Every structure is written in C-alpha cells, then in structure tokens.
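Observations on the three-dimensional arrangement
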Amino acid sequence: MRIVAILVVILGSAARVVRWFTDRPLWLDEQMIAINLRDRSFAALAADLSHDQSAPIGWLWAQRAVFLTLGDDGRALRLIPLLFGVGTLVLAYWAGRRLLGPAGTLVLVTLLAVNGSLMRYSTEIKQYSADAFTVLLLLTLALLGAHRAWLWWLAAAVSGLFSTAAIMVTPGLALVLVIVSIRSAGWLGAIRQHAAGVAVFAAALIAHYVLALKYALGDDTLAALNARLGFPPPGVRGTVTWLIERPATLAGDPIGVRVELAAVIWLLALIGIVAAAWWPRGTSPASAPAALASASAPASAGASLSTVPGWTAGPRWVRGLLLAAPIATAFAAAVAHAVPLYGRFAIQLLPPLFVAAAIAADLIVFTLLTAARRPARLIPASVGAVGIAALAAFGIAPAAAAAAGPAPYTNGFDDRAAVQAIVAAHRPGDLVLANPSAWPAVKWYAGPALGPVGVLENNCRHNPIADAARGYHRILVYAGMQAGGTDTEKVIAERLAALGTVSSPERFRSGAVYTVTLSADIARSQTPVIGKATGDACLTVSAAR
C-alpha cells in the first residue's frame, strides 16, 4: 500500500502541475488580488487593499516577490499556490509514514489528492492552498511530539503569516499541548517549555494584525457575506439547527462529495478520533503491521505495540483531543460570529477530518486482520469496510476522474480572450465600458492600453451614458460576469441601443463583447463629460491601471 500511496501523491501532484501549466484565464477574485500585487509596493500591501481583497501579509509579500521576479504571467502568480498544493500531498505522505499504517496513509493522501477544493486552490491566486498545508503541518507536529514545543510554536508563528487558518487552529492545539506539559512537567516546567514560543507567536500575530489582519476584519463587504453564509442565525434554536445542518452544508465545498458520502467521512472521523485516544500508549496505527507480524498471541501483540515508537507521549486521550481541537475551534468560532464556516473558509477542517478518517481506516483494517482472535469485532469492521468502499466508488473515483480532466473555466468566462479582442479592436475615438464584475478583467489584462474604462451600472434614473459618450465614435462593451444587480444586456438594450447601432455580440464562452457605433450627432458633440458623475449617475470611470 505504501507504493500505491506514493503513486497517488505523484499522480495528484502531476494533475495539479498540468492544470497550472494550462494557464487558464484568471477569474474575478484572482484578477482583483493580482491588481493589488501588481500596483502596490511591499509597504503598500500592508494596508486596506482595493477591490475588497484581503490576504495574509506573508503570502502577499511572497506573491509580490514572485511578480517582481517572474512577471505577471498567470503561471508565475499561481506558482506559490501550486507549491503549497503539492507540498500538502508530500507532507500528508510524510505524516502518514509516521502516524498511520499503510491503509491510513493511502486513505489520507487519496482524500487530499482528489479533493476538488484543494485541486482548485492549488492553481488559483488565492491563499487557501496555504491553509491546508499549514494546518496539516501544525496538526502533524503536535501529534508527533509535544515535547518539541519550541519547534511547534515556531511553525505556528511562521504559518500564521501565510494562513489565517493556521492562526485559527493554533489556540486549540496549543491548549492541548500545554495540558500535556503541565501533566508531565508541572506548571513551572510547562512555562519553561512554552513561554518563549508563546512570545514569538504573539509577536508575529500582533505584527500581522497591524500590517494586514485589521483591514480584513474591518471589511464591510466581507462581513456581510460572512454573516449571510458562514454564521448561525440568532437565538439558541437557530444555532442548534445550524450546528446540526452545517456538516451536510460543507459536503460539496470543501469536502467535495455528496451529502450521504460526507456523512460517511464525518462518521469515520468520529471513529478515528475515538480510536486515536484508544490506541495503546506510545504507539500509533503505524505500529500495527509490525505488531501483527511479530505477534503469535494477543499478549505478544500487546507487548509489541507497547514497544514500537509512535505518537506523542502523554495520556492516550491527548491524541483524540489534538484531532478534535481544530474541528471544535472552527465550529466554536463560527457560533461566536468570529470566523465564518463555509466553502473556502472551511478548508481548515480538511486536514483533521481526513487524518481522523484515515485512522479509522487503519482501525478497520487492523480489526479485520485480527478478527480470528476477536470475532465479535468482525461485523462492525465489515460495516466500516463497506462504508469506505462506497466512499471510494461513489466519491473518490468521480473526484479522481474530475481531477484528471481539464481545468474548468471558473464561472464559465474567458476574460482574457474577451479583453484581448477589445484591445485589438480599439482605435482612437472608442469608449470602453464593462459591467462592475468584468471591469477588473479589463483593468488587469488591458492595463493602460485602453485609457479610461467606464463601469457600466443599471441603477440610474436617467441616461448619463449619452453624456459620457459625447465626442466618441464607438463604444466597446464587455458583458462579463454578472454580479451586484447589473443586467448588462438590459443596459445595452435600453440605453446603448438608443445611442446608435449595436452589433451582434462576439462570444467568449459565457461573456460577450458588443460594439456600439454611435449616431452622428453624439459623435459630433463636444467635450466628453466622463468622470463628472452625479449622485444618480450609472457610469463611473477610472484609469485602467
């Protein structure tokens, strides 16, 4: 199984590299963060970013360094997310060799390799692939050795500069590690072990807050989105209902399977958390094959298990707490309306959830192999094996097929080709307009080549577009991704058509480029009034770079 696990890591990494190499067009969220990376210095990134964007300061600075070194090519800007994505698979195998048996290692790397969210964010200019890597790193280091407190705190401090998810899981894991230290070395010993690490982490967190986190926490747009999608409704009943329904809500994103299969993963994770606390002290599932090989009787098996190095020393229940802590912290933070729990903000759940499910797989295999000595356990182990088989057939296999296929165009738009067509068609006397969600695409892909670019909205009581169009001969309109209530097609039909002749659209997947040839009286009008927006105007203009 170890060889198969290595093969899964290689194939999963190769699928990510192939998607990265295809260089699909940047989509809206990528364009908006990329504009900040291009237009801001290192110092200016430590501020309130434009386009309602936010990201950890370490990740921003690393991306800015890549931009300055390799340029604005999509592959260059997606290189760091790719490295974190591939690194997560390599780290999972490394962790599995030390914490899990062969079956558990295979389950862990497979779940991570085919997960749709992790595949996507490994080739997207966002920080979420770093979330998965850093959370898995901190969890693994905690399970491997609580006595290495300085190493764990250093990893937490550095990880927190690249991932807000790492910051979120640190308190829960740290609490368990401190409890272990208190039980083994007393209060003074625990202080000696953790004081320096806590100071380093706190200093890094304070600096990070001053440089970047305070702006993300004060973002009204993000706060409104989180309140709608990531927090429970007010009241005890609403909160309880939300807690019961949230695991199913997370099935598609980020877990990446149907609701019924997500239930299998959650159940396996629960079994794994209990099994982690049950496994004999000083051992891990990685010890089981050696124990089975050398065991001629149950007594010798127990002796072998007790002598094989494994997880962190301390009470057995510590392992279960370490696995449960990140999951409990995520739900508690959402209930407290501190950190949302949905989609990309729930990526932090995947490492502990998948590690716990992998431990359950090891337990099932171990139980089946020892069924001759303990036949009463054969039935529950067989049921567990059927559940894993169903997950593999109906969840992992389709996800693997999707991962092996071409990368989909996010939201179905090819902004790059559309903007390139506008740049090629543009000539003096043309005005370029785009709906609000397509405007960042023009700003990113065209740069200053098009001059002022108008943002086309549909919330005005009259038609200021007629004023904005004075002195121009044509209007080139990109109808891209629709958001914010702007119906670009309606604006074109009701307002732009009244100004001249609208051509048939040139389609770029779900987007379209329209050319409006203005009537002679508008083209002859003097002095365009672009930029003089009134309170009820539906057209604003900004330089494209």
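What counts, and at which threshold
- Residues numbered from 1 in each chain as written.
- Predicted model: local features only at pLDDT ≥ 70, side-chain atom pairs only at ≥ 80, totals over all residues.
- Heavy atoms only, no water.
- Helix = DSSP H or I, 4+ residues; strand = E, 2+ residues; numbered from the N terminus.
- Buried < 20%, exposed > 50% of the residue type's maximum accessible area, 1.4 Å probe, protein only.
- Contact = heavy atoms within 4.5 Å.
- Areas by Shrake-Rupley, 256 points an atom, 1.4 Å probe, with all protein chains shown as cover.
- Polar contact = N/O pair within 3.5 Å; in protein donor to acceptor, adjacent residues only side chain to side chain.
- Axes fitted to C-alpha atoms, helices over the stretch in contact; angles between N-to-C directions.
- Parallel < 35°, antiparallel > 145°, perpendicular 65-115°, else oblique.
- Left-handed = near helix turned anticlockwise from the far one by under 90°.
- Nonpolar A, V, L, I, M, F, W, Y, C, P; charged D, E, K, R; others polar.
- Patch = residues over 30% accessible without salt bridge, like charges linked within 9 Å, V, L, I, M, F, W, Y side chains within 5 Å.
- Salt bridge = Lys/Arg side-chain N within 4 Å of Asp/Glu carboxyl O.
- Pairing = 2+ DSSP bridges.
- Phe/Tyr/Trp six-rings, centres within 6.5 Å; stacked < 30°, edge-to-face > 60°.
- Lys NZ or Arg CZ within 6 Å of the ring centre and 35° of its normal.

1. Considering the overall build of the protein chain
Each helix and strand counted, the protein chain has 25 helices and seven strands in total. A burial count over the protein chain gives 52% of its 545 residues as buried. Of the contacts formed within the protein chain by residues at least 6 apart in sequence, a portion of 76% connects residues at least 24 apart. As presented, the protein chain carries roughly 22,700 Å² of accessible surface, and 66% of it is formed by carbon and sulfur atoms.

2. What about the side chain of Asn-435?
One can find Asn-435 in the loop between strand S1 (430–434) and helix H22 (439–446). Overall, Asn-435 belongs to the buried group, its relative accessible area being 0%. A distance of 2.9 Å separates a polar side-chain atom of Asn-435 from the backbone nitrogen of Gly-480.

3. A short note on the environment of Ala-346
Along the chain, the position of Ala-346 falls in the loop between helix H18 (317–335) and helix H19 (350–369). Sequence-distant contacts of Ala-346, defined by excluding residues within four places in its chain, comprise Leu-250, Pro-254 and Leu-341.

4. A few points about the packing of helix H7 (residues 102–114) against helix H20 (residues 378–404)
One way to put it is that H7 packs onto H20 with a least axis distance of 8 Å and a crossing angle of 45 degrees. Viewed along their axes, H7 and H20 adopt a mutual orientation that is oblique. Crossing angle aside, the handedness with which H7 passes H20 is left-handed. Two secondary-structure elements touch here, H7 through Thr-110, Leu-111 and Val-114 and H20 through Leu-391, Ile-396, Ala-399 and Ala-400. A breakdown of the residues in the contact of H7 with H20 according to their chemical character gives six nonpolar, one polar and no charged.

5. Topic: a nonpolar patch on the surface
Together, Trp-150, Leu-151, Leu-154, Val-158 and Val-200 give the surface a local cluster of nonpolar side chains, amounting to about 470 Å² of exposed area. Structurally, the position occupied by Val-200 is in helix H11 (residues 164–217).

6. Some points on the pairing of strand S6 (residues 511–518)
Buried residues dominate S6, accounting for six of its eight residues. Pairing between strand S3 (residues 474–479) and S6: six bridges, direction antiparallel. Bridge pairing in S6 places Ile-475 opposite Val-516. Both strand S4 (residues 500–502) and S6 contribute to a ladder of three bridges, which runs antiparallel. Residue Thr-501 lies in a different strand from S6, and its bridge partner there is Thr-517. Inspection of the sheet shows strand S5 (residues 506–508) paired to S6 by three bridges, in the antiparallel sense. Each bridged residue has a counterpart across the sheet, and for Phe-508 the counterpart in S6 is Gly-511. Taking the residues that link successive antiparallel strands as the turn, the S5-S6 hairpin has two residues, and the phi of Arg-509 there is positive, at about 55 degrees.

7. Examining the pattern of salt bridges
Evaluation of the coordinates by the stated rule reveals nine salt bridges. Put simply, Arg-78 and Glu-30 hold a salt bridge, and the shortest N to O gap is 2.9 Å. Placement of the pair is Arg-78 in the loop between helix H5 (74–77) and helix H6 (79–99) and Glu-30 in helix H2 (residues 28–39), with a sequence separation of 48 residues. For the pair shown, Arg-78 and Glu-30 are each scored as buried. Arg-258 serves as the salt-bridge partner of Glu-260, at 2.7 Å between the closest nitrogen and oxygen. Accessibility expressed as a relative area gives 45% for Glu-260, which makes it partly exposed. Judged by relative accessible area, which is 45%, Arg-258 ranks as partly exposed. Taken together, the salt bridges that share partners define one network made up of Asp-23, Glu-30, Arg-78 and Arg-416.

8. Quick word on the packing of aromatic side chains
Counting across every chain of the model gives nine aromatic pairs. Geometrically, the ring pair formed by Tyr-128 and Phe-345 is edge-to-face, given 6.3 Å between the ring centres and 80 degrees between the ring planes. On the criterion of sequence distance, the pair formed by Tyr-128 in helix H9 (residues 128–144) and Phe-345 in the loop between H18 and H19 is long-range, its members being 217 residues apart. Here Tyr-128 matches Phe-345 in class, with each residue buried. Joined through ring pairs, the aromatic side chains of Tyr-121, Tyr-128, Tyr-342 and Phe-345 make up one cluster. Residue placement shows Arg-75 over the ring face of Phe-21; its charged tip is 5.2 Å from the ring centre.

9. Let's talk about the environment of His-337
Looking at where His-337 falls in the secondary structure, it is placed in the loop between H18 and H19. The sequence separation of His-337 and Pro-233 amounts to 104 residues, and the corresponding C-alpha distance is 9.8 Å. Residues within four places of His-337 in sequence aside, it is in contact with Phe-231 and Pro-232.

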